[in-house]
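As a plain string of letters, each chain reads:
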Amino acid sequence: MAGFVLSSLSLSHFRSHRALRLALDGRPVALFGPNGAGKTNILEAVSLLSPGRGLRRAETGDLARRPEALGWKIAAEVAAPRGAHEVETWAEPGEPRQVRIDGKPATQTALGHLLRMVWLVPAMDRLWLEGAEARRRFLDRIALSFFPDHAEAALGYEKAMRERNRMLKDEVTDSRWYGAVERQMAEAGAVIIGNREAAVARLREAQDGAATAFPRADLALKGPDGGPPLSGDLSAALSEGRRRDMAAGRTLTGPHRDDMDALYAEKGLPAAQCSTGEQKALLLSLILANARALASDLGAAPILLLDEVAAHLDPGRRAALYDEIVALGAQAFLTGTEAGLFDSLGQRAQAFTVAEEGGQSRIIPA
C-alpha cells in the first residue's frame, strides 16, 4: 500500500538549519547523529506541513535560525492519493505563519486535507503520568488526523470560551451577553466530543485482530469528575453553571476539561501503573493503530514522525516496529543517536547522518 510521501524537503533558516534539501524516495528515513545536531528540527519542520504549531508547539517567531532571525521557510513536494502538490509554509520576522499550496495562498486547515501525519516524541513518554491537558492534546492530534476540520472546531471553541471567561472575570450578570457565546461553545464542543469519540472507536477497531508485537491499549474518555464526558446540551450546562464559574473565574464545564484513560488490556493494568517500557509500547500501539486506521480509510498510510523512537525498546520490539512501518507502506521519519539502532531496517530505509559544524546543522547520506 502506498502512503502519503514527501519526495523532497527544503529548509531555509529553520532552527539550526541554514539550508537543507533532501531528495526522498518514499522509504522510511533514518536520521542519526549526536544530541543537538538538528535531527528533531527536521521532524519539526515536517510536522509544520500539517495544521497547528508542530510537534514542539513552538511559537512562530521561535523557529527562525539564530542569530540571523531572518524568518524561516519550509518547502516540500508531496505525493498524495489525489495527486502531487507543492507545499510551502513560512514566516517573516514578526509576522504570522503563511501557507501556499501549488503557488496559491492557503489555510492551515487545507494542509490537513492534503497530508495526514501522526507523531510520537519523547515528551509524550510521561503522557499517562502527567495532567489531563497533555492527554487531550494527544487525543486531539489523533482526531485531527481523521477529521481535518477538528482544528477549526477547537479554535472556535477556545475563542468563544475566552470571551466567556472574560465576562465571568468581569462579573457580567446579564444572561443576554452569555447566550450567543455559550451557543458557539456548545456547537463547537459537540463537534469536538463527537470527533474524539469517533477517533477512539477507530483506534479500537484498528487494534482488534491486529498481529503486532505491541500491546493493545484500551482507551476510555472521561469527564473531570471521573465519570463519562458530558453528553447532551452543553449550552444548558453552561447556563446552569454560570454562578459557580463566576466564583472560579473560568469555565468549569466542557470538553476542555475532559480526560482519557488507557488500560494495558492483556494485563488489565492502567497505563499509569505500567513500567516505562510498557508505557512506551502502549503509545506506539496507539500510533500504529492510528496509522492503520488512516490507511484503511484513505487507502494511503500517513507520514509517521518518530523522534528517538528506539528509547525503551529492546532490539526485538524495535525490529518489529520497523517491520510494521514497512508493511504499512508508511514514510516514517525516525531519529536516533547511533546508526546501529536502525540496522534491522537495512536497505528498506534511506539513512542520513546529521551533524553540527560551525553553529549549523549539516546532513550527509549514509
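All of these numbers come straight from a predicted model, not from anything done at the bench.

## A word on the side chain of D259
Within the element layout of this structure, D259 appears in strand β10 (residues 259-264). A distance of 2.7 Å separates polar atoms of two side chains, one belonging to D259 and the other to R135. Among all residues touching D259, those that are not within four sequence positions of it are A132, R135, A220, L221 and K222.

## Details of the UniProt feature "binding site: ATP" (unreviewed entry) in the protein
Summarizing the sequence annotation, UniProt attributes the feature "binding site: ATP" (unreviewed entry) to G33, P34, N35, G36, A37, G38, K39 and T40 in the numbering used throughout. Summarising the element assignment, P34 is placed in the loop between β3 (29-32) and α1 (39-47). With respect to the helices, strands and loops of the structure, G38 is situated in the loop between β3 and α1.

## Looking at the sheet that holds β3
A sheet is described by the order of its strands in space; here 6 strands give the open sequence β8-β12-β13-β3-β14-β15, paired in mixed fashion. Every interior strand has two partners, whereas the edge strands, β8 (117-120) and β15 (360-365), have only one. On average, adjacent strands in this sheet sit at an angle of 20° to one another, irrespective of strand direction. Alignment of strand β14 (residues 350-357) against β15, held across 6 bridges, turns out to be antiparallel.

## Examining the pattern of salt bridges
A full pass over the atoms with the stated rule returns 28 salt bridges. In this structure, the salt-bridge partner of R27 is D25, at a minimum N-O distance of 2.8 Å. Residue class for R27 comes out partly exposed when judged on its relative accessible area of 28%. Overall, the relative accessible area of 46% leaves D25 in the partly exposed class. Close ionic contact of R176 with D174 constitutes a salt bridge, the shortest N to O distance being 2.8 Å. D174 sits in the partly exposed class, given a relative accessible area of 24%. Each of R164, E182, R242, R244 and D245 takes part in a single network of salt bridges with overlapping partners.

## Some details on the sheet that holds strand β5 (residues 83-91)
Consider a sheet: its strands pair through backbone hydrogen bonds, and that pairing is either parallel or antiparallel. Read from one edge to the other, the open sheet built from 6 strands follows the order β2-β1-β4-β5-β6-β7, with strand pairing classed as antiparallel. Two strands lie at the open edges of the sheet, namely β2 (17-23) and β7 (104-106), each paired on one side alone. Across the sheet, the mean angle separating the axes of adjacent strands is 20° when strand polarity is ignored. Examined bridge by bridge, strand β1 (residues 5-14) and strand β4 (residues 72-80) share 7 bridges and lie antiparallel to one another. The residue of β4 that forms the bridge with L11 is I74. Sheet contacts for α1: β1, β2 and β4; angle to β1, the most-contacted strand, approximately 110°.

## Focus on helix α8 (residues 276-298)
If you check α8, its first and last C-alpha atoms are 33 Å apart, about what 23 residues at 1.5 Å a residue would give, namely 33 Å. Burial analysis of α8 places 18 of its 23 residues in the buried class, the great majority of the element. Looking at the residues trailing α8, positive phi occurs at G299, about 75°.

## Digging into the pairing of β3
With burial as the criterion, each face of β3 is covered, one bearing V29 and L31 and the other bearing A30 and F32. Pairing of β3 with strand β13 (residues 332-336) involves 4 bridges; the strand directions are parallel. Counted as the bridge partner of L31 is T335 from β13. The sheet contact formed by β3 and β14 spans 4 bridges and is parallel. Following the sheet pairing, L31 is matched in β14 by F352.

## Structural notes on the environment of A339
Locating A339 in the fold gives a position in the loop between β13 and β14. According to the relative accessible area criterion, A339 is partly exposed, its value standing at 36%. In the structure, A339 is positioned 12 residues away from A351 in sequence and 8.4 Å away in space, judged by C-alpha atoms.

## Section: the packing of helix α3 (residues 132-146) against helix α5 (residues 175-207)
Where α3 contacts α5, the axes come no closer than 9 Å and their chain directions differ by 80°. Classified by the angle between their axes, α3 and α5 sit roughly perpendicular to one another. Taking contact as the criterion, the partners of R136, L139, D140, I142, A143 and F146 in α3 are, on α5, N195, R196, A199, V200, R202 and L203.

## Digging into helix α4 (residues 150-169)
Side chains three or four residues apart in an α-helix point the same way, a direct result of the helix having 3.6 residues per turn. Taking 1.5 Å of rise per residue, the 20 residues of α4 would be expected to cover 28 Å, and the 28 Å separating its terminal C-alpha atoms lies within 8% of that figure. By the burial criterion, the buried members of α4 are H150, A151, A153, Y157, A160, M161, R164, N165, M167 and L168. Contacts made by the buried residues of α4 are with α3, α5, α6 (234-240) and α7 (242-248). Positive phi appears at E171, one or two residues downstream of α4, with a value of about 60°.

## Notes on the packing of aromatic side chains
Taken as a whole and assessed by the stated rule, the structure comprises 3 aromatic pairs. Their ring planes at 50° and their centres at 6.2 Å tell us that F146 and F147 sit as a pair that is tilted. Of the residues examined, F146 reaches a relative accessible area of 10% and is grouped as buried. Of the residues examined, F147 reaches a relative accessible area of 28% and is grouped as partly exposed.

Calculation notes
Residues numbered from 1 in each chain as written. Predicted model: local features only at pLDDT ≥ 70, side-chain atom pairs only at ≥ 80, totals over all residues. Heavy atoms only, no water. Helix = DSSP H or I, 4+ residues; strand = E, 2+ residues; numbered from the N terminus. Polar contact = N/O pair within 3.5 Å; in protein donor to acceptor, adjacent residues only side chain to side chain. Contact = heavy atoms within 4.5 Å. UniProt positions renumbered as here; feature names shortened; annotations may be inferred. Pairing = 2+ DSSP bridges. Axes fitted to C-alpha atoms, helices over the stretch in contact; angles between N-to-C directions. Salt bridge = Lys/Arg side-chain N within 4 Å of Asp/Glu carboxyl O. Buried < 20%, exposed > 50% of the residue type's maximum accessible area, 1.4 Å probe, protein only. Expected span 1.5 Å × (residues − 1). Parallel < 35°, antiparallel > 145°, perpendicular 65-115°, else oblique. Phe/Tyr/Trp six-rings, centres within 6.5 Å; stacked < 30°, edge-to-face > 60°.

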